[in-house]
Amino acid sequence: AAKFVAAATATLDRIDPIRVALTGSYGKTTIKVFINHLVTGSRAMVASPASFNNTAGLSRAINEQLALDTEVFLAEMGTYGPGEIASMVSWVRPSISILSAIGPVHLERFGDLETIVKAKSEIFATSRTAILNVDAHGLAAEADRLATSGLRVIRCSAEDATADVFVHRSDAGIEVRRGGTVIASCPGLDAALTNVACAVAAASVLGVTDEDIA
């Protein structure tokens, strides 16, 4: 495993894409598909496949899929216990990280939801920008803690209209607001609202315009 990680680290250093990391108890794959859809027209992006969300999988995705023109690498990270995400972050070194949800997945391994929040939040260790679904258990407080530590924090919500990215259902379908301004309406889109919000936040950070998001 160390050999593959070393090769993947060398590949990342050589190509030097913007590195985005994504974790959450659920919603990861959906958000990854949405980000890919929003970003692909603007930047050359590679996302790790759904089942490649551990050290071996990420190493393989990097070694096999990154090309010299790759501008963005999106790494999905899963965890079965504390320290696992921290280990992946230590060599992937994402500058943008997304925490989409907290739930009782693998609760028998973690013990309680607070431990899950702490383990998932390892994803922000190297980040300059943190994107969080603040509707999820413990993540509003985590967003405040990260902001105090100096990170740029983007709060995503389907409940709090004052959040940086607020997504709700309206007569026009799913309505996306960023900074209080409606930037998109999506009639007929059936998706978890906070997944849409996290994807829009990530696309905006990656330079996708509001017009292109719409």
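Everything numeric in this text was worked out from a predicted model, so none of it was measured.

Asks: What's the story with the packing of helix α1 (residues 2-15) against helix α3 (residues 55-65) in this structure? I'm lost.
Replies: The geometry of a pair of packed helices is captured by two quantities: the angle between their axes and the separation between those axes. Contact geometry for α1 and α3: axes closest at 9 Å, N-to-C directions at 45°. With respect to their mutual orientation, α1 and α3 come out oblique. Read as a crossing pair, α1 and α3 show a hand that is left-handed. Counted together, Phe-4, Val-5, Ala-7, Ala-8, Thr-11 and Leu-12 of α1 and Thr-55, Ser-59, Ile-62 and Asn-63 of α3 form the full contact between these two elements. Here the residues of the contact of α1 with α3 sort into six nonpolar, four polar and no charged.

Asks: Would you explain the sheet that holds strand β2 (residues 45-47) in this entry?
Replies: Picture the strands of a sheet paired through backbone hydrogen bonds; they go either parallel or antiparallel. Spatially, nine strands are ordered β2-β3-β1-β4-β5-β6-β7-β8-β9 in an open sheet, and the strand pairing comes out mixed. What marks the edges here is a single partner per strand, and that holds for β2 and β9 (181-186). Each strand axis lies, on average, 15° off the axis of its neighbour in the sheet, ignoring direction. Where strand β6 (residues 152-157) and strand β7 (residues 165-170) come together, two bridges link them in parallel fashion. Bridging across to β7, Cys-156 finds its partner in Val-165.

Asks: Would you mind showing me how to read α1 here?
Replies: Because an α-helix completes one turn every 3.6 residues, residues spaced three or four positions apart along the sequence face the same direction. The end-to-end C-alpha distance of α1 is 20 Å, a good match for the 20 Å that 14 residues give at a rise of 1.5 Å each. Within α1, burial applies to Val-5, Ala-8, Thr-9, Thr-11, Leu-12 and Ile-15. End-on, the buried residues of α1 take up no more than an arc of 160°, which puts them together on one face. What points out from α1, more than 90 degrees from its buried face, is the exposed set Ala-2, Lys-3 and Arg-14. Here the buried face of α1 lies against β1 (18-23), α3, β3 (72-76) and α4 (84-92). Following α1 by one or two positions, Asp-16 has its phi on the positive side, about 55°.

Asks: How do you make sense of the layout of surface pockets when you look at a structure like this?
Replies: Gaps left between atoms are located by rolling a probe of water-molecule size over the structure's atoms. Reported here for the largest pocket is a volume of approximately 230 Å³. Put simply, the parts of the chain that give the lining of the largest pocket at least two residues each are α2 (28-39), β9, α8 (193-205) and α9 (210-213). Residue composition of the lining of the largest pocket, by class: eleven nonpolar, one polar and one charged.

Definitions and limits used
Residues numbered from 1 in each chain as written. Predicted model: local features only at pLDDT ≥ 70, side-chain atom pairs only at ≥ 80, totals over all residues. Heavy atoms only, no water. Axes fitted to C-alpha atoms, helices over the stretch in contact; angles between N-to-C directions. Helix = DSSP H or I, 4+ residues; strand = E, 2+ residues; numbered from the N terminus. Parallel < 35°, antiparallel > 145°, perpendicular 65-115°, else oblique. Left-handed = near helix turned anticlockwise from the far one by under 90°. Contact = heavy atoms within 4.5 Å. Nonpolar A, V, L, I, M, F, W, Y, C, P; charged D, E, K, R; others polar. Pairing = 2+ DSSP bridges. Expected span 1.5 Å × (residues − 1). Buried < 20%, exposed > 50% of the residue type's maximum accessible area, 1.4 Å probe, protein only. Arc of directions from axis to C-beta. 1 Å grid on protein atoms, 1.4 Å probe; cavity = no way out; pocket = protein on both sides within 12 Å on 5 of 7 lines; lining within 4 Å. Points joined across faces, edges and corners; volume = space filled by probe spheres on them.

Distances and angles like these do not, on their own, reveal function.
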